[in-house]
Amino acid sequence: AERLQNILKFSRVDDNLLDELEMEFIQSDLGLELTNEIISEIRKRKITNTPELRDFLFNYLKAILENLDYRLDLLEDRLNVVVFIGVNGTGKTSTVGKFAYYLKGLGYSPIIAAADTFRAAAIDQVKIWGERVGVEVIAQKEGADPGAVVFNAIEAARARNKNVLLVDTAGRMHTKSNLIEELKKINRVVERTLGYGPSENLIVIDATLGQNVIRQVETFHNAVNLTGAVLTKLDGTAKGGVIFNVVRRFNIPVKLVTIGEGVEDLKVFDPNEFIESFIPEVKV
Amino acid sequence: MFENLTSRLQEVFKKLRGKGKLTEKDIEEALREVRQALLEADAHYKVVKELLNNVKAKALQEDVLKSVTPAEQIIRILYYELLNILGGEKADLNLGSKKPGIILVVGLQGSGKTTTCAKLAYKLAQEQRRVLLVGADTFRPAAGKQLQILAEKIKVPVYVDGKGPFEIIDGALEVAKEKLSDVMIVDTTGRLHIDEEMMNELNELNKRYNPSEILLVVDGMTGQDAVNIAEKFNEKLPLTGVILTKMDGDARGGAALSVKAITGKPIKFIGVGEKIEDLEYFYPDRLASRILGMGDLASLVERI
Ligand SMILES: Nc1nc2c(ncn2[C@@H]2O[C@H](COP(=O)(O)OP(=O)(O)OP(=O)(O)O)[C@@H](O)[C@H]2O)c(=O)[nH]1
Ligand SMILES: Nc1nc2c(ncn2[C@@H]2O[C@H](COP(=O)(O)OP(=O)(O)OP(=O)(O)O)[C@@H](O)[C@H]2O)c(=O)[nH]1
Ligand SMILES: [Mg+2]
Ligand SMILES: [Mg+2]
C-alpha cells in the first residue's frame, strides 16, 4: 500500500505508472483477469492525472463490493445456526471462538458445536476457546459423526434457550467429495431438526491464500449454498485481494474479518476500509 | 483453464506466422500466454518476470523462431528453466553429527507444522531412527495435545512439558539423552513473519540449540505473499529447507516457485493429505508440470 501511495503521488498517468499499478495489483492477489480489466479501463477512459486515477480505482473496486448485504442474518427470536466451513488451517476454530465472544457482546446467547471430530485435538482446541470466552461447547468424542454432534448441539441449544449455534467443522479440501457430502449432511440435519436450514454457511478464507480460493468457494458453494465469507489473518502482509473475485463471481459477501489470535481480533467487514488497504488515500 | 499451454502457444505462433517471418516481438507475444499461466498459478510477479526474461534470451539464442515447432521449443526451454529454479541438490534430512540432532519446524499459523512434524517422525521412525517429538508450542490452544495424539498414533515418544519453548526443549534434551534418541523434531508456534518479537524468538532458538535442520513449512495454496514470508524467515534464520503442504488439493502451487527462487533452499517434502503417511519427496518435474497446468511435461519434452 505504501508503494501504491508513492505511485499515486506521481502526477502523470503513463505506461510506466500503469505497469507499476499492474504489479501492485497482482502482488495483492487480485488476479490477472481483474487486473487487466482495470488497467484497460483506465486506458479506455484516458485517465491522465493521479487524483482522478485514485478515485476511479476506489470506485471500481467499490462497485464490485456494492449491492451485497454484509450484515449477518441472525434473528432474535429463533435458534440461528451458523456453520463455519473451509480448507485446512484457515482459522475456522479460532473464528468460532472470537465470534462467540462478539455475539455475547451484542447480547446474543451463543453455544458451540464441536463438529470437527476428525483432526487431532480439535475438540480440545474448541473447548479451550469456549472456556476462554465463557460459551458452552457441545462435543462428543473423536471420530463421532459430525451430523450427530450438530443434532445433539441443537437439542442442547433449545434446552438452554440459546439463540445462536456456532458449528466448527473440520478443515477439508474442496476436492474431496466424501467430505463435501459430510457438509451437506450437516445442513440436512439442521434443516430436519429445526424445520429450517442454517442462517449462515460461512466460508473461512485465509488472506494469505492465492487464486485457488476461487475453486474452493465454487465447490463449497455448489454443495451448501454459502451465505458469506470470513477473511482471516489480515494482520499479516497479505491483503486478500482474491476476495474481489470471490464477491464478483459468486455474489458472496464478506461478513467478518479477523486480525489476530486474540479474543477481540474479529470485526465486521467494512468495504471502504478494505478497499483503502488496496487504494490508499493519497496524502500529498 | 490452461489445460494445454502448448496448443495455446501453437495457436499464437500460427496467427503470427500468417503475417510472415517470426520476429523477436512474436516471442514476447507468445510468452504472454506463459505469463498468464504462471501468474494464475500464484507464482510471484517478479519471479515470473525474471523467468520469462531468461526464457526469451534462450529462445533467441537458440533461434527458436526458425524451428518448425516454435511453441514446443519454448515449452522445452520453459520447462528446463522451471526445473532450474525448483531443482537442486537431493534433499534428504540432515540429522547432524551429534546426537540428538535437532530438526526445527517453523512457519505461519495454520501452515501445517504440527501435522508435518508427526509425518516426519513417522518417516524417520520407519527408517529405524530413534525419534523424539517435541511440542514447543505453548501458545495455540491444545497444540501440545494435538502433537501427543499424533505421536501416540505412530508410537513415537513425545515431550511437551514446560512453560515456553526454551524450557521445553531443555527438558526434551534430557529425555533424548536418556532415550538415546537420534533426533528431536521440534514443533513451534505459528507466527507471522512480521512479528518482530516472535521472529527474534526463533533466532534465539537457533543460536541456543543449533539445529541441523530448520524447515519452513509453507501452505501450497499460498498466493503472492509467499515471497514476503520466505524473505523474512530466510533473513532471520538459516533455513535448510522448505516443506510445501496441502498439495492434495487442486492449487497449482506457484508459491513453491516463489519460495525457492527467494530462499534458494531445497523443497524437501510435500504434504499431500492429513494422514500421517501423506508426505512425499519433492519432484521438481512434477511440480513444473502442475504449475503450467500440463500433464507429464518430462516425457513431452523428451519427445521434442
Ligand atoms: N495471525 C493470525 N492468526 C490467526 C488468525 N486466525 C486464526 N489464526 C491462527 O491460525 C491457526 C489456525 O487456526 P484454526 O482456528 O485452528 O484454523 P482451522 O481452520 O480451525 O484449522 P483446521 O480445523 O485444522 O482446518 C491458529 O494458530 C490460529 O491461532 C488471524 O486472524 N491472524
Ligand atoms: N489436506 C491437507 N491438510 C493438511 C496437510 N498438512 C496439514 N494439514 C491440515 O492443516 C491444518 C493445520 O495443520 P497443523 O499441523 O495444525 O498446522 P500448524 O502449522 O501446526 O498450525 P498452528 O500450530 O496453529 O500454527 C490441519 O487441519 C491439518 O490436518 C496436507 O498436506 N494436506
Ligand atoms: Mg479447526
Ligand atoms: Mg501447530
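Everything quoted here is computed from the prediction, not taken from an experiment.

S.K.: For the interface of chain A and chain B, give the residues involved together with the corresponding values.
M.R.: Interface size is often expressed as the accessible area that is lost when the parts come together. Contact with chain A, which involves 39 residues of that partner, is made by 38 residues of chain B. Area buried by chain A at its contact with chain B is led by A:L32, A:T237 and A:E261, which between them contribute 16% of it. If you look at where chain A meets chain B, you find 4 salt bridges. B:K145 is the partner of A:D124 in a salt bridge, and the nearest nitrogen-oxygen pair spans 3.0 Å. Mapped onto the side of chain A that touches chain B, the elements with two or more residues apiece are α2 (15-27), α3 (32-44), α6 (122-133) and α9 (212-224) of chain A. Classifying every residue of the side of chain A that touches chain B gives 12 nonpolar, 14 polar and 13 charged.

S.K.: Give a description of helix α10 (residues 254-263) of chain B that names residues and reports values.
M.R.: An α-helix turns once every 3.6 residues. As a result, residues three or four positions apart point the same way. Residue and element names in this part refer to chain B. In terms of residue burial, α10 counts as a mostly covered element, since 8 of its 10 residues are buried. Taken together, the buried positions of α10 are G254, A255, A256, L257, S258, V259, K260 and T263. Just downstream of α10 lies G264, where phi reads positive at about 70 degrees.

S.K.: How would you explain the site of ligand 1 if you had to name every residue and give the values?
M.R.: Residues and elements named next belong to chain A. Among the 22 residues in the neighbourhood of ligand 1, the closest are listed as K92, T93, S94, T258 and E261. Take S94: an N or O atom from its side chain is 2.5 Å from an oxygen atom of ligand 1. Side-chain polar atom of D235 to a nitrogen atom of ligand 1: 2.8 Å apart, as the coordinates give it. Taken by itself ligand 1 offers 650 Å² of open surface, and the protein chains cover 96% of this. For the shell around ligand 1, a count of residues per class yields 2 nonpolar, 12 polar and 8 charged.

S.K.: Tell me what's going on with the environment of B:P157, and back it up with residues and numbers.
M.R.: All names here are of chain B. Its place among the elements puts P157 in the loop between α6 (143-154) and β3 (158-159). Taking the C-alpha atoms as reference, P157 lies 10.0 Å from M184; in sequence the two are 27 residues apart. Apart from the residues lying within four places of it in its own chain, the contact partners of P157 are V131, L132, L133 and K179.

S.K.: Explain the side chain of B:N206 to me, using residue names and the numbers behind them.
M.R.: Residues and elements named next belong to chain B. Along the chain, the position of N206 falls in helix α8 (residues 196-209). For N206, a relative accessible area of 14% corresponds to the buried category. Once residues within four sequence positions are removed from consideration, N206 is found in contact with P211, I214, L237 and P238.

S.K.: Please set out the sheet that holds strand β2 (residues 131-135) of chain B residue by residue, giving values where relevant.
M.R.: Residues and elements named next belong to chain B. One open sheet accounts for 8 strands, arranged β3-β2-β4-β1-β5-β6-β7-β8; its pairing is mixed. Looking at strand neighbours, the two that pair on one side only are β3 and β8 (279-281), the edges of this open sheet. Judged from the 5 bridges that link them, strand β5 (residues 213-219) and strand β6 (residues 241-245) form a sheet pairing that is parallel. Directly across from D219, in β6, lies its bridge partner T245.

S.K.: Outline the site of ligand 2, listing residues and values.
M.R.: Around ligand 2, 23 residues are found, and the nearest of them are B:K113, B:T114, B:T115, B:R140 and B:E274. In this structure, ligand 2 is bordered by residues of chains A and B. For ligand 2, an oxygen atom lies 3.0 Å from a polar atom in the side chain of B:Q146. Computed on the free molecule, ligand 2 has an accessible area of 640 Å², of which 96% lies beneath the protein chains in the complex. The element contributing the most residues to the shell around ligand 2 is helix α5 (residues 113-126) of chain B, with 4 residues. Per-class residue counts for the shell around ligand 2 are 3 nonpolar, 12 polar and 8 charged.

S.K.: Break down the pattern of salt bridges for me, with residues and values.
M.R.: Residues and elements named next belong to chain B. Here the structure, examined in full by the defined rule, presents 35 salt bridges over all chains. Between K58 and E81 there is a salt bridge whose closest N-O contact spans 2.5 Å. Taken as a pair, K58 in helix α3 (residues 45-61) and E81 in helix α4 (residues 70-86) lie far apart in primary sequence, 23 residues in all. Exposure remark for K58: the relative accessible area of 33% places this residue in the partly exposed category.

S.K.: An account of the nonpolar core is requested, with residue identities and associated values reported.
M.R.: By size, the foremost hydrophobic cluster in this structure holds 83 residues, and its most contacted members are B:L5, B:L38, B:V106, B:I169, B:M184 and B:F233. If you tally residues by element for this core, the top one is α4(B), at 8 residues. When residues no more than four places from it in sequence are discounted, the contact partners of B:F233 are B:V106, B:G107, B:L108, B:R191, B:H193, B:M199, B:L202, B:L216 and B:L239. Core analysis: the second largest hydrophobic core is formed by 78 residues, A:I42, A:L65, A:I203 and A:V242 among them.

What counts and what doesn't
Every chain begins its residue count from 1, and numbering advances along the sequence as written. Chains carry letters from A onward and ligands carry numbers from 1 onward, assigned in written order. Side-chain atom pairs in this predicted model are given and counted only at pLDDT of 80 or more, local residue features only at pLDDT of at least 70, and totals for whole chains, interfaces and linings cover all residues. Water and hydrogen atoms were dropped before computing side-chain values, which therefore reflect all heavy atoms in the structure. Note on definitions: a residue-residue contact is assigned when non-hydrogen atoms from the two residues lie within 4.5 Å. Throughout, buried area stands for the accessible area (probe radius 1.4 Å) lost by two parts on being put together, summed over both. For salt bridges, the criterion is a side-chain nitrogen of Lys or Arg within 4 Å of an Asp or Glu carboxyl oxygen. Starting at the N terminus, helices and strands are each numbered in turn, a helix being any DSSP run of H or I of at least four residues and a strand any DSSP run of E of at least two. Residue polarity is assigned by list, with Asp, Glu, Lys and Arg as charged and Ala, Val, Leu, Ile, Met, Phe, Trp, Tyr, Cys and Pro as nonpolar; anything else, Gly included, falls into the polar class. Exposure classes here rest on a 1.4 Å probe applied to the protein chains alone. A residue is buried below 20% of its type maximum, exposed above 50%, and partly exposed in between. One heavy atom within 4 Å of a molecule or strand makes the whole residue count as near it. As used in this structure description, the phrase polar contact means that two N or O atoms lie within 3.5 Å; if the pair is within protein, one of them must be able to donate a hydrogen and the other to accept it, and residues adjacent in sequence are counted only when both atoms belong to side chains. Here the Shrake-Rupley method, with its probe set to 1.4 Å, supplies the accessible areas, and only the displayed protein chains count as covering residues. Strands are labelled as partners when DSSP assigns at least two bridges between them. Think of a nonpolar core as a cluster: buried Ala, Val, Leu, Ile, Met, Phe, Trp, Tyr and Cys residues, connected wherever their side-chain atoms sit within 4.5 Å.

Function cannot be read off these values alone, since they describe shape.
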